[in-house]
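Survey of secondary and tertiary structure
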Amino acid sequence: MESRAAEGPFRVRLAVRHSDLDTNGHVRGSAYVDFADHARWACVQKAGVDPLEMTRSGLGPVNLETTIRYHRELRAGDEFDVTRVFAYDGTDKKTGRATQEFLLADGTLAATVESVIGLLDLETRRLVPDPASQWRRLATVPALLGAD
């Protein structure tokens, strides 16, 4: 897969809340997925996609598989950046990959979240072919979504 990020990956700054912690005092796994989803929607908005218009056009983004790799603990109060880079699969033309890194302010890698992604036709409930072309149609800055 070829990455097509515009001038580096999209980046959003977040902070760990106490409600994100498990009983061991570090961020629980499901919070990483929540952070990743938040960053995805922030990127989609920054790319100029109106979520309501997307729904009206009969499309919705889906995650088909998500893998979390932990590299360093995140704890209450930690601030971190979540990056997002998209790449689209040339084999089936219906899916792509979103790679997100969770980076502390000093650049230390805390986690990596990788997802197999697609766009769902909300009427047929099937993946649409060539999701990059749909992002190009919907976005004012499609390069942020790897669709340039």
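The preceding data block contains the structure.
An account of the accompanying structure is given in this report. (Residues numbered from 1 in each chain as written. Predicted model: local features only at pLDDT ≥ 70, side-chain atom pairs only at ≥ 80, totals over all residues. Heavy atoms only, no water.)

Our focus in this paragraph is the packing of aromatic side chains. Counted according to the given criterion, the structure contains 5 aromatic pairs. For the ring pair Phe 80 and Phe 102, a centre distance of 5.7 Å and an interplane angle of 20° mean the geometry is stacked. Taken together, the residues span a long stretch of sequence, with Phe 80 in strand β4 (residues 79–88) and Phe 102 in strand β5 (residues 96–104) at a distance of 22 residues. There is no split in this pair, since Phe 80 and Phe 102 are both buried. Members of the aromatic cluster, each reached through a chain of ring pairs, are Tyr 32, Phe 35, Tyr 70, Phe 80 and Phe 102. (Phe/Tyr/Trp six-rings, centres within 6.5 Å; stacked < 30°, edge-to-face > 60°. Helix = DSSP H or I, 4+ residues; strand = E, 2+ residues; numbered from the N terminus. Buried < 20%, exposed > 50% of the residue type's maximum accessible area, 1.4 Å probe, protein only.)

Moving on: the pattern of salt bridges. Should their charged atoms come close, side chains of opposite charge can pair. Enumeration according to the criterion identifies 9 salt bridges in this entry. Residues Asp 20 and Arg 17 are paired through a salt bridge, measuring 2.8 Å at the closest nitrogen-oxygen approach. The exposure class of Asp 20 is buried, given its relative accessible area of 2%. The shortest N-O distance in the salt bridge between Glu 114 and Arg 69 comes to 3.2 Å. Taken together, the residues span a long stretch of sequence, with Glu 114 in strand β6 (residues 109–121) and Arg 69 in strand β3 (residues 59–70) at a distance of 45 residues. Residue classification places Arg 69 among the partly exposed positions, given a relative accessible area of 40%. (Salt bridge = Lys/Arg side-chain N within 4 Å of Asp/Glu carboxyl O.)

At Arg 125, a position not held by glycine, the phi torsion is positive, near 60°. Secondary-structure assignment places Arg 125 in the loop between β6 and β7 (126–127). A positive phi angle is found at Asp 130, which is not glycine, with a value near 50°. Secondary-structure assignment places Asp 130 in the loop between β7 and α3 (131–138).

Fair warning: the whole summary comes from geometry, so function is off the table for now.
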